[in-house]
Amino acid sequence: MSKPLAERMRPNTLDEYVGQRHLVGEGAVLRKMIDAGRISSFILWGPPGVGKTTLAQIIANKLETPFYTLSAVTSGVKDVRDVIDRAKNNRFFNAHSPILFIDEIHRFSKSQQDSLLGAVERGVVTLIGATTENPSFEVIRPLLSRCQLYVLKPLEKDDLLSLLHRAIQEDVELKKKKIILTETNAMLRYSGGDARKLLNILELVIEADGTDEVEITDEKVVNRLQQNPLAYDKDGEMHYDIISAFIKSIRGSDPDAALYWMARMIEGGEDPQFIARRLVISAAEDIGLANPNALLLANAAFDAVMKLGWPEGRIPLAEATVYLASCPKSNSAYLGIDTAIGVVKETGNLPVPLHLRNAPTSLMKELGYSDGYKYSHDYPGHFVEQQFLPDALQNTRIWQPQHSPSEERLYQWMLQCWGDRFKNS
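Quick notes on the rules
Residues numbered from 1 in each chain as written. Predicted model: local features only at pLDDT ≥ 70, side-chain atom pairs only at ≥ 80, totals over all residues. Heavy atoms only, no water. Pairing = 2+ DSSP bridges. Helix = DSSP H or I, 4+ residues; strand = E, 2+ residues; numbered from the N terminus. Axes fitted to C-alpha atoms, helices over the stretch in contact; angles between N-to-C directions. Contact = heavy atoms within 4.5 Å. Patch = residues over 30% accessible without salt bridge, like charges linked within 9 Å, V, L, I, M, F, W, Y side chains within 5 Å. Areas by Shrake-Rupley, 256 points an atom, 1.4 Å probe, with all protein chains shown as cover. Salt bridge = Lys/Arg side-chain N within 4 Å of Asp/Glu carboxyl O. Lys, Arg positive; Asp, Glu negative; His and termini not counted. Charge placed at Lys NZ, Arg CZ, Asp CG, Glu CD. Buried < 20%, exposed > 50% of the residue type's maximum accessible area, 1.4 Å probe, protein only. pLDDT = per-residue confidence, 0-100. Right-handed = clockwise from strand over helix to strand, strands pointing away.

### Describing the sheet that holds strand E4 (residues 126-131)
Read across the sheet, five strands follow the order E2-E3-E4-E1-E5 without closing on themselves; strand pairing throughout is parallel. Unpaired on one side and paired on the other, strand E2 (67-71) and strand E5 (148-151) mark the two borders of the sheet. Here the strands of the sheet are splayed against their neighbours by 20° on average, with no regard to which way each runs. With five bridges joining them, strand E3 (residues 99-103) and E4 adopt parallel strand pairing. Following the sheet pairing, Leu100 is matched in E4 by Leu127. Against the sheet, helix H4 (residues 52-63) makes contact with strand E1 (42-45), E2, E3 and E4, and its axis sits at roughly 175° relative to E3, the strand it touches most.

### Notes on a negative patch on the surface
Judged by side-chain charge, Glu183, Glu213, Glu215 and Glu219 come together as a negatively charged surface patch. In this structure, Glu183 sits in the loop between strand E6 (178-181) and helix H10 (185-191).

### Structural notes on the pattern of salt bridges
Under the definition given, this model contains eleven salt bridges. With a closest N to O distance of 3.7 Å, Glu203 and Arg8 form a salt bridge. One end of the pair, Glu203, is in helix H11 (residues 195-209); the other, Arg8, is in helix H1 (residues 5-8), and 195 residues separate them in sequence. When the shortest N-O distance is used, the salt bridge between Glu285 and Arg251 registers 3.7 Å. Of the two residues, Glu285 is situated in helix H15 (residues 272-287) and Arg251 in helix H13 (residues 237-251); the sequence distance between them amounts to 34 residues. Overall, the relative accessible area of 21% leaves Glu285 in the partly exposed class. Members of the salt-bridge network, linked through shared partners, are Arg8, Asp171 and Glu203.

### Focus on the confidence of the model for the protein chain
The share of residues in the protein chain with pLDDT of 70 or more is 91%, and the mean pLDDT across the chain is 80. In the predicted structure, residues 228-232 sits below a pLDDT of 50 and forms nine contacts with residues beyond four places in sequence or in another chain.

### Details of the pairing of E3
With four of its five residues buried, E3 lies for the most part within the structure. Where E2 meets E3, five bridges bridge the pair, whose relative direction is parallel. Note on E3: the bridge partner recorded for Thr69 is Phe101. Crossover handedness for the path E3 to helix H6 (residues 110-122) to E4: right-handed.

### Digging into unusual backbone geometry
One non-glycine residue, Gln20, lies in positive phi territory at about 60°. Tracing the sequence through the fold places Gln20 in the loop between H1 and helix H2 (21-24). Look at Gln20 and you get buried, because its relative accessible area is 5%. Located in the positive-phi region is Glu104, a residue other than glycine, with phi close to 55°. With respect to the element layout, Glu104 can be found in the loop between E3 and H6.

Okay, here's the thing in structure tokens:
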């Protein structure tokens with residue numbers, strides 16, 4: 001049986017590699033390292049189908065070094081240790097370190113990631129990790145600090161068109177047919193910048209046609225892809241479209257729609273932890289201070305899924321989904337921290353006012369550290385007005401309350417404490 005088209009078209013050299021010119025183009029950072037024949041451990045972060053696995057394989061071929069692959073979905077700590085032991089045995093004096101490629105490294109547990117640390121530190125292996133999730137949240141800090149992070153972008157229209165034409169002209173199977181690309185908009189739209197998905201769509205349409213002369217039109221592509229309405233590619237564009245619809249339904253206070261999109265994910269085999277994480281994010285970002293209990297319930301649902309497993313875990317997920325969708329909404333905390341980060345980036349490291357500084361030594365006390373600080377609990381209502389922001393920002397407003405019933409109580413207390421400072425909120 002012939003390999004899938006996407007596998008047959010997998011590039012073997014950087015010259016055949018499509019896209020990511022900011023990393024592998026002439027003079028780019030990864031290209032320089034590869035050409036120099038010496039690479040350090042790194043993590044590739046980007047959406048599916050943009051060439052993470054292919055790039056790792058090309059590097060291994062170029063450096064002529066042993067290449068080991070682990071999938072975070074199916075591998076455990078024992079598998080990691082076995083690969084590291086094999087890498088040690090295959091290491092020759094002055095040879096390049098074997099490359100260990102870990103796909104979906106964000107799915108490795110903390111213990112699995114810990115088991116990699118020693119080997120990466122000692123240079124037993126050069127780690128190349130691939131992830132579609134933000135490594136800052138999913139990869140442990142000690143491992144992340146030992147790896148460079150490179151961000152891959154979705155393929156652009158010209159990259160995708162180039163790939164389509166090359167497949168039609170060069171693939172051993174497609175060359176046997178007469179393929180006419182009359183329209184490409186639908187294929188490009190459904191691929192979402194994913195090369196693998198683009199080639200899968202092309203192959204699907206050609207096979208469905210069943211003739212030796214195939215004309216590709218937008219209508220033909222749409223009809224073919226819509227024949228299976230339950231199709232759900234966990235690594236493709238629909239994955240991101242459906243989770244987007246799910247979160248927007250919660251944000252828009254529509255529990256019916258939110259449950260529907262969650263059901264689509266469940267039927268498509270989505271990882272329950274992925275759904276649970278998004279519920280926790282939504283509770284903090286979209287409900288926020290309008291109902292602080294939402295974050296507690298979302299976090300409890302996450303814990304329940306971990307304890308119950310599947311299929312029972314769908315019940316606490318549904319409970320949290322309905323609750324979050326039904327809650328009043330506020331994004332004041334989300335906007336507040338973004339505003340604060342913006343102020344910090346603009347103003348830099350402003351000095352801490354003396355009265356707020358810690359004074360653990362007598363010298364610091366003599367220099368005025370902590371002098372004049374008022375201990376809030378010594379005053380009526382456990383509040384006394386004083387300056388807490390740096391001098392250059394003392395009148396700056398950052399948090400802007402939004403007047404949902406729950407947040408209104410916080411706003412009224414701020415008015416009582418600070419008076420005019422909060423009157424324009």
